[in-house]
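Results of the structural survey
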Amino acid sequence: MAGTVLPTTMEVPTKAVETSINPPKDLDAGALFVLKSKGSWLHCGYHLTTSIVAPVLLSLPFAMGLLGWVGEVMWLALAALVTFYSYNLLSLVLEHHAKLGHRYLRFRDMGTHILGPGWGRYFVGPLQFGICYGAVIVCSLLGGQSLKFIYLLYKPNGSMQLYQFIVMFGVLMLFLAQMPSFHSLRHINLLSLILCLTYSACAAAGSIYIGSTSKAPPKDYSLSDDEPNRLFGAFNGISIIATIYASGIIPEIQATIAPPVTGKMFKGLCICYTVIIITYFSVGISGYWAFGNGAQGSILSNFMAGDKPLFPSWFLLTINVFTLTQLVAVTLVYLQPTNEVLEGFFANPKRDQFSVRNTVPRLIFRSLTVVIGTTIAAMLPFFGDFMALFGAFGCIPLDFILPMIFYNVSFKPSKKSLVFWINTTIAVVSSALTVVGAVSSVRQMVLDAKTYRLFANM
């Protein structure tokens with residue numbers, strides 16, 4: 001597991017030459033079966049887009065209400081620049097070590113070999129696992145909420161509870177979770193990319209339509225007069241944006257690329273950030289313009305006036321089907337680190353991936369992973385509040401801090417160089433945001449605690 005490396009096609013003593021057909025013999029089953037290096041830069045772009053651009057982007061108008069016009073647009077643009085830079089640095093570090101004869105396939109491998117064994121085993125690995133599995137739980141919750149929304153469109157007085165819809169989503173994931181490898185998701189993730197563009201266009205068009213008609217609510221763009229609320233609201237808005245730009249699985253995505261990998265990740269990032277610019281800015285700006293501070297946690301909620309839809313049912317149904325389908329793809333992507341860990345423990349790399357010896361444990365443990373995640377989502381429908389705290393402690397360190405440290409340690413730029421100070425500044429500021437975001441998240445949890453109850457029908 002930690003410490004597993006994959007050599008490049010260059011000659012390296014004691015290591016077999018890598019090809020996509022004949023990988024080195026020292027790989028564990030997790031790396032060998034789940035992180036197959038067969039993809040192109042286009043596939044990489046699909047995976048990156050699905051890992052970052054998800055239905056949570058529909059909360060951007062709400063975040064804008066916490067920061068205001070200037071603060072939100074500036075932070076949205078700055079976060080795009082910083083994360084693109086950060087992910088590109090991470091890719092360069094991976095390429096650098098690959099040229100030295102070691103192709104790291106996992107985030108924890110990077111932590112182990114760049115910072116030391118303790119960092120990979122006790123910090124980077126658990127942090128990434130917690131964030132990714134937390135994302136699976138949140139996606140199960142959002143999938144259940146989307147199914148419930150569709151149900152209520154056609155049966156407003158229906159008696160079914162949220163946890164029942166979460167279980168339905170979980171049953172679907174039981175089957176799809178058996179997809180054998182990250183690479184096998186490439187076509188699903190292409191569909192995911194198309195869907196996020198489509199529902200974002202629908203959401204932006206819907207916001208513009210409502211904002212320009214008599215259906216529009218009174219627009220208020222002012223920030224809270226209460227200074228503590230305004231301050232903590234701004235911190236929450238910053239944390240929301242940081243989480244929306246987060247991935248946490250960049251090394252695993254780069255591991256799916258067939259060698260040589262040089263330059264391919266950059267092309268994939270260009271695809272991903274083209275989609276990000278189109279979707280994030282269109283949804284965030286149009287939604288905030290239309291609803292102001294009245295923008296709700298998901299802009300789709302603003303398309304309902306109480307129980308009465310502001311659009312034809314078919315339009316709302318279409319958006320929700322698109323978001324529901326993309327949630328399936330996002331869930332599958334964030335299941336991959338868990339799958340890789342489980343395969344590493346329970347599969348035998350010397351046997352065929354689809355042999356009975358490996359298929360039975362895969363079926364059992366992947367199903368168990370989905371069942372546990374679905375149960376937590378059904379029991380704790382307020383899990384999103386906890387995820388905000390995990391995001392502050394996990395997403396920011398993994399995506400904003402560690403790439404800067406990895407680059408400075410690997411390339412050792414001069415302390416007088418611009419790149420050293422840019423990286424150091426980003427790491428220090430991001431560390432401060434981690435603390436501030438965690439405090440804001442805890443405060444929000446305290447405020448919302450009175451609504452917490454098991455299996456709540458939220």
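For the structure, see preceding data.
Residues numbered from 1 in each chain as written. Predicted model: local features only at pLDDT ≥ 70, side-chain atom pairs only at ≥ 80, totals over all residues. Heavy atoms only, no water.

**Some details on the overall build of the protein**
Inclusion rule: For helices the rule is a DSSP run of H or I covering at least 4 residues; for strands it is a run of E covering at least 2, with both sets numbered from the N terminus onward. Pairs of residues are marked as contacts when any of their non-hydrogen atoms sit within 4.5 Å. All accessibility values rest on the Shrake-Rupley procedure with a 1.4 Å probe; residue burial counts only the protein chains present in the view.
A tally of helices and strands in the protein yields 14 helices and four strands. In the protein, the share of contacts with a sequence separation of at least 24, taken over all contacts with a separation of at least 6, comes to 81%. Entry remark: accessible area of the protein is about 19,000 Å², with carbon and sulfur atoms responsible for 71%.

**With respect to the pattern of salt bridges**
Cut-off, in case you're wondering: Salt bridges are counted wherever a side-chain nitrogen of Lys or Arg sits within 4 Å of a carboxyl oxygen of Asp or Glu. To sort residues, take the accessible area from a 1.4 Å probe on protein chains only and compare it with the maximum for the residue type: under 20% means buried, over 50% means exposed, and anything in between is partly exposed.
Taken as a whole and assessed by the stated rule, the structure comprises six salt bridges. Put simply, Arg106 and Asp109 hold a salt bridge, and the shortest N to O gap is 3.2 Å. On the basis of relative accessible area, Arg106 is assigned to the buried category, the value being 0%. Note that Glu343 and Arg362 form a salt bridge whose closest N and O atoms lie 3.2 Å from each other.

**Some remarks on the packing of aromatic side chains**
Quick reminder of the rule: Between rings of Phe, Tyr and Trp, where Trp is taken as its six-membered ring, a pair exists when centres lie within 6.5 Å; planes separated by under 30 degrees are stacked, by over 60 edge-to-face, and by other angles tilted. Criterion for a charge above a ring: Lys NZ or Arg CZ within 6 Å of the ring centre, and within 35 degrees of the ring normal.
On inspection of all chains with the given rule, the structure shows 19 aromatic pairs. Between Phe84 and Phe266, the aromatic rings sit 5.8 Å apart at their centres with planes inclined by 75°, giving edge-to-face as the arrangement. Of this pair, Phe84 sits in helix H3 (residues 60-99) while Phe266 sits in helix H10 (residues 264-291); the two residues are 182 residues apart in sequence, bridging distant segments of the chain. By relative accessible area, which is 39% here, Phe266 ends up partly exposed. Measuring from ring centre to ring centre gives 5.5 Å for Tyr209 and Phe311, while their planes differ by 45°; the resulting arrangement is tilted. Of this pair, Tyr209 sits in helix H7 (residues 186-211) while Phe311 sits in the loop between strand S4 (308-309) and helix H11 (313-346), placing them 102 residues apart in sequence. Chaining the aromatic ring pairs together yields one cluster made of Tyr209, Phe291, Phe303, Phe311, Trp314 and Phe315. Above the ring of Trp289, the side-chain terminus of Lys219 is found at 5.2 Å from the ring centroid.

**Some points on the state of the cysteines**
Every disulfide links exactly two cysteines, by a covalent bond between their sulfur atoms. In plain terms, the rule: Whenever a pair of cysteine sulfur atoms sits within 2.5 Å, that pair is classed as a disulfide.
Tallied over the full model, the rule gives zero disulfides. Sulfur of Cys196: no disulfide; nearest cysteine sulfur belongs to Cys272 and is 8.8 Å away.

**Description of the packing of H7 against H10**
Packed helices, taken two at a time, are described by their axes: the angle between them and the distance between them. Selection criterion: As a rule, the C-alpha atoms of each element are fitted with a line to give its axis, helices using only the stretch in contact, and angles between N-to-C directions run from 0 to 180 degrees. To sort the angles, those under 35 degrees are grouped as roughly parallel, those over 145 as roughly antiparallel, those from 65 to 115 as roughly perpendicular, and the leftovers as oblique. Two helices crossing with the near one rotated counterclockwise from the far one by less than a right angle form a left-handed crossing, whereas a clockwise rotation gives a right-handed crossing. Residue polarity follows a fixed list, in which Ala, Val, Leu, Ile, Met, Phe, Trp, Tyr, Cys and Pro are nonpolar, Asp, Glu, Lys and Arg are charged, and the others, Gly among them, are polar.
At their nearest, the axes of H7 and H10 sit 8 Å apart, and the two run at 20° to each other. In terms of their interaxial angle, H7 and H10 are classed as roughly parallel. You can see that H7 and H10 cross each other, and the crossing is left-handed. On H10, the residues touching Leu193, Cys196, Leu197, Ser200, Ala203, Ala204, Ser207, Ile208, Ile210 and Gly211 of H7 are Ile271, Val275, Ile278, Thr279, Ser282, Val283, Ser286, Gly287, Trp289, Ala290 and Phe291. Across the contact of H7 with H10, the residue classes tally to 14 nonpolar, seven polar and no charged.

**Comments concerning the nonpolar core**
Applied cut-off: By nonpolar core we mean a set of buried residues, namely Ala, Val, Leu, Ile, Met, Phe, Trp, Tyr and Cys, connected to one another through side-chain atoms within 4.5 Å.
Counting residues in hydrophobic clusters, the biggest one holds 112 residues, and the most contacted among them are Tyr245, Tyr280 and Phe303. Top contributing element to this core by residue count: H3, with 13 residues. When neighbours within four sequence positions are excluded, Tyr280 is seen to be in contact with Ile52, Val53, Leu57, Leu60, Leu76, Ile244 and Tyr245.

**Looking at the packing of helix H4 (residues 107-115) against helix H5 (residues 117-154)**
Taken N-terminus to C-terminus, the directions of H4 and H5 make an angle of 155°; their axes are 7 Å apart at the nearest point. In terms of their interaxial angle, H4 and H5 are classed as roughly antiparallel. Considering only the axes of H4 and H5, their crossing is right-handed. Across the interface between the two elements, Phe107, Arg108, Gly111, Thr112 and Leu115 of H4 pack against Pro117, Trp119, Gly120, Arg121, Val124, Gly125 and Gln128 of H5.

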